[in-house]
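Fold and geometry: a report
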Amino acid sequence: KNQVEQSPQSLIILEGKNCTLQCNYTVSPFSNLRWYKQDTGRGPVSLTIMTFSENTKSNGRYTATLDADTKQSSLHITASQLSDSASYICVVSDYGGSQGNLIFGKGTKLSVKP
Amino acid sequence: GAGVSQSPSNKVTEKGKDVELRCDPISGHTALYWYRQRLGQGLEFLIYFQGNSAPDKSGLPSDRFSAERTGESVSTLTIQRTQQEDSAVYLCASSLAAQTLNTEAFFGQGTRLTVV
């Protein structure tokens, strides 16, 4: 069964600190992996998207890594800000059409405290 | 339009009533997705459209739920005889096409449905 597992479920860090969120998947065949940020009461917004040939991709203070062999991805946030408080969702596409090609993880809820 | 638009943004309805939720995707986007998100939970897939066809309806939780799309544009999600368990945020997303590499999905702000 195609699944996306994220850890930790929730995380609290102090402003200015770095953190890393994890995503493991069993989706096959693999097409691409995306990280979304969802602020409370808003729709998810895309941060990065990576295909199997990409190992790392950055978007400002966000850096995503992908290991297609071990089927793991991470999202590293550098010098966290209060505005980074949100849920971060890992989404994997299974090139083949199930669920319209998008398998969602349940997200990691990040809280950045002053 | 500039982004995915959903209406209404909030809906309170009495148990047993029918509701219609609307999604206007980004112009030119052929793929459209509906998700449900209960409070504090992850996104739950409901249905997706490629054009006006729905290849995958596997996520619809019961026969009270239905969706349609016309003109490869607007989609409506209809919930008949609403139950309290239907209370959630219903999110719509669109993308240029499904089943292609690097296709980014853009989300609307959601419709918050409360069944009382």
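Residues numbered from 1 in each chain as written. Chains lettered and ligands numbered in written order. Predicted model: local features only at pLDDT ≥ 70, side-chain atom pairs only at ≥ 80, totals over all residues. Heavy atoms only, no water.

With the rule as written, the count across this model stands at 9 aromatic pairs over all chains. Summarising the aromatic geometry, the rings of A:F104 and B:Y35 are spaced 4.8 Å apart at their centres and angled 65° between planes, so their arrangement reads as edge-to-face. One end of the pair, A:F104, is in strand β10 (residues 103-104); the other, B:Y35, is in strand β4 (residues 31-37), on a second chain. Put simply, the rings of A:Y36, A:F104, B:Y33, B:Y35, B:F45, B:Y48 and B:F107 touch in pairs and so form one group of aromatic residues. (Phe/Tyr/Trp six-rings, centres within 6.5 Å; stacked < 30°, edge-to-face > 60°. Helix = DSSP H or I, 4+ residues; strand = E, 2+ residues; numbered from the N terminus.)

Now for the pattern of salt bridges. Residues and elements named next belong to chain A. Under the criterion given, the structure shown has 6 salt bridges over all chains. Ionic pairing is found between K37 and D39, a salt bridge with its closest N-O pair at 3.9 Å. What makes K37 buried here is its relative accessible area of 14%. Since its relative accessible area comes to 33%, D39 is described here as partly exposed. Between D84 and R61 there is a salt bridge whose closest N-O contact spans 2.8 Å. Of the two residues, D84 sits in the loop between β8 (72-77) and β9 (86-94) while R61 sits in the loop between β6 (56-59) and β7 (62-67), which places them 23 residues apart along the sequence. Residue D84 is classed as buried on the basis of its relative accessible area of 1%. (Salt bridge = Lys/Arg side-chain N within 4 Å of Asp/Glu carboxyl O. Buried < 20%, exposed > 50% of the residue type's maximum accessible area, 1.4 Å probe, protein only.)

What follows is about the sheet that holds strand β3 (residues 19-25) of chain A. Two orientations exist for strands paired in a sheet by backbone hydrogen bonds: parallel and antiparallel. All names here are of chain A. On the basis of which strands lie adjacent, the open sheet formed by 5 strands has the order β1-β3-β8-β7-β6 and antiparallel pairing. What marks the edges here is a single partner per strand, and that holds for β1 (4-7) and β6. Averaged over all pairs of adjacent strands, the angle between strand axes in this sheet comes to 15°, irrespective of strand direction. Bridging between β3 and β8 involves 6 bridges; their strand directions are antiparallel. Looking at the pairing, Q22 lines up with S74 of β8. (Pairing = 2+ DSSP bridges. Axes fitted to C-alpha atoms, helices over the stretch in contact; angles between N-to-C directions.)

Here the focus is the nonpolar core. A general feature of soluble globular proteins is that nonpolar side chains tend to end up buried together. A:V4, A:Y25, A:L33, A:W35, A:L75, A:Y88 and A:V92 are the most contacted members of the largest nonpolar core, which totals 24 residues. Looking at this core, the elements that each hand over two or more residues are β3, β4 (30-38), β5 (45-51), β7, β8, β9 and β11 (108-113) of chain A. If sequence neighbours within four positions are ignored, A:Y25 has contacts with A:Q3, A:V4, A:F30, A:L33, A:L66, A:D67, A:A68, A:K71, A:Q72 and A:V92. Judged by nonpolar contacts, the second largest core, of 19 residues, contains B:V4, B:L46, B:I47 and B:F49. (Core = buried A, V, L, I, M, F, W, Y, C linked by side-chain atoms within 4.5 Å. Contact = heavy atoms within 4.5 Å.)

Right, let's talk about the state of the cysteines for a bit. With the rule as written, the count across this model stands at 2 disulfides over all chains. Bridging B:C23 to B:C92, the disulfide has an S-S length of 1.9 Å. Handedness here is read from the sign of the S-S torsion; for B:C23 and B:C92, about -65°, the answer is left-handed. Separated by 69 residues along the polypeptide, B:C23 in strand β3 (residues 19-24) and B:C92 in strand β9 (residues 88-95) bring together distant segments of the chain. Grouping residues by exposure puts B:C23 and B:C92 together as buried. Lacking any disulfide linkage, A:C19 is separated from the closest cysteine sulfur, that of A:C90, by 15 Å. (Disulfide = S-S within 2.5 Å.)

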